[in-house]
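# Structure assessment
Chain by chain, the residues:
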Amino acid sequence: MKRWARLVALAGAGLVGWFLLAARPHDVVLVYDVAAAPDATALEVDVRSDAGALLRHARMSLHPGGQVRHPVRLRDGRYVLAWRLDRPSGWLAGERTIDVGGDDTIVLPLGR
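All of the points below concern the structure found in this document. Only a predicted model underlies this, so the values are computations on that prediction, with no experimental measurement involved.

Glancing now at the overall build of the protein chain. Within the protein chain one finds one helix and seven strands. Starting at the N terminus and walking to the C terminus, you meet the elements of the protein chain as α-β-β-β-β-β-β-β. Across the 112 residues that make up the protein chain, the buried fraction comes to 32%. Across the protein chain, contacts joining residues at least 24 apart in sequence account for 62% of those joining residues at least 6 apart. For the protein chain, the exposed area adds up to about 7,300 Å²; of that, 59% sits on carbon and sulfur atoms.

Dropping the structure here:
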């Protein structure tokens, strides 16, 4: 009986550990490719949960034709990124949906 109690306790501890590890935020690097908008001077991004709650807001200065790296910590799930490129000829905006399921680098072409 004592052996079974230990086995059940060990299995329970393993399940709790697995649940806690799955619920932790992941290191995600969002790479914004703005090569399609070489005259853009700044980028604004809102990261929202699938339910619409604002999680992050960032404003970044741009170098012509480059990419911008944006490290974030996100839990597993679907997110909506609302972006806006500021250009001398006017702003350009859009949305992208991403799915996070672990540590990852996600490249997002913007301006197309």
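Having seen it, we continue.
This part is about the sheet that holds strand β3 (residues 54-61). Spatially, four strands are ordered β3-β2-β5-β6 in an open sheet, and the strand pairing comes out antiparallel. Only two strands of the sheet have a single neighbouring strand rather than two, namely β3 and β6 (92-100). Strand-to-strand twist across the sheet, computed as the mean angle between neighbouring axes with direction ignored, equals 20 degrees. Of the strand pairs in this sheet, strand β2 (residues 42-49) and β3 are connected by seven bridges, and their pairing is antiparallel. Across the sheet, Arg48 pairs through a bridge with Leu54, a residue of β3.

A few words on the pairing of strand β1 (residues 26-33). Most of β1 is tucked away: seven of the eight residues are buried. Direction of pairing for β1 relative to strand β4 (residues 67-74): antiparallel, over a ladder of eight bridges. The residue of β4 that forms the bridge with Val28 is Val72. With six bridges connecting them, β1 and strand β7 (residues 104-109) associate as parallel partners. Bridged to Val29 within β7 is Thr105.

Here we take up the sheet that holds β1. With respect to topology, three strands assemble into an open sheet ordered β4-β1-β7, the strand pairing being mixed. For this open sheet the edge positions go to β4 and β7, each flanked by a neighbour on one side alone. Pairs of neighbouring strands in the sheet enclose a mean axial angle of 25 degrees, with direction left out of account.

Within the secondary structure, His70 is located in strand β4. Among the polar contacts made by the side chain of His70, one reaches the side chain of Tyr32 at a distance of 2.8 Å. Other than its neighbours up to four places away in sequence, His70 contacts Val28, Val29, Leu30, Tyr32, Ala58 and Met60.

This part takes up the nonpolar core. Membership of the largest hydrophobic core comes to 24 residues, with the highest contact counts inside it found for Leu30, Tyr32, Leu43, Leu81, Leu85 and Ile98. Per element, the largest residue contribution to this core is four residues, and it comes from strand β5 (residues 77-86). Ignoring sequence-local partners within four residues, the contact set of Ile98 consists of Leu30, Leu74, Gly77, Arg78, Tyr79, Leu81, Ile106 and Leu108.

What follows concerns the side chain of Asp33. With respect to the helices and strands, Asp33 occurs in strand β1. Among the polar contacts made by the side chain of Asp33, one reaches the main-chain amide nitrogen of Ala35 at a distance of 3.1 Å.

About the thresholds
Residues numbered from 1 in each chain as written. Predicted model: local features only at pLDDT ≥ 70, side-chain atom pairs only at ≥ 80, totals over all residues. Heavy atoms only, no water. Helix = DSSP H or I, 4+ residues; strand = E, 2+ residues; numbered from the N terminus. Buried < 20%, exposed > 50% of the residue type's maximum accessible area, 1.4 Å probe, protein only. Contact = heavy atoms within 4.5 Å. Areas by Shrake-Rupley, 256 points an atom, 1.4 Å probe, with all protein chains shown as cover. Pairing = 2+ DSSP bridges. Axes fitted to C-alpha atoms, helices over the stretch in contact; angles between N-to-C directions. Polar contact = N/O pair within 3.5 Å; in protein donor to acceptor, adjacent residues only side chain to side chain. Core = buried A, V, L, I, M, F, W, Y, C linked by side-chain atoms within 4.5 Å.

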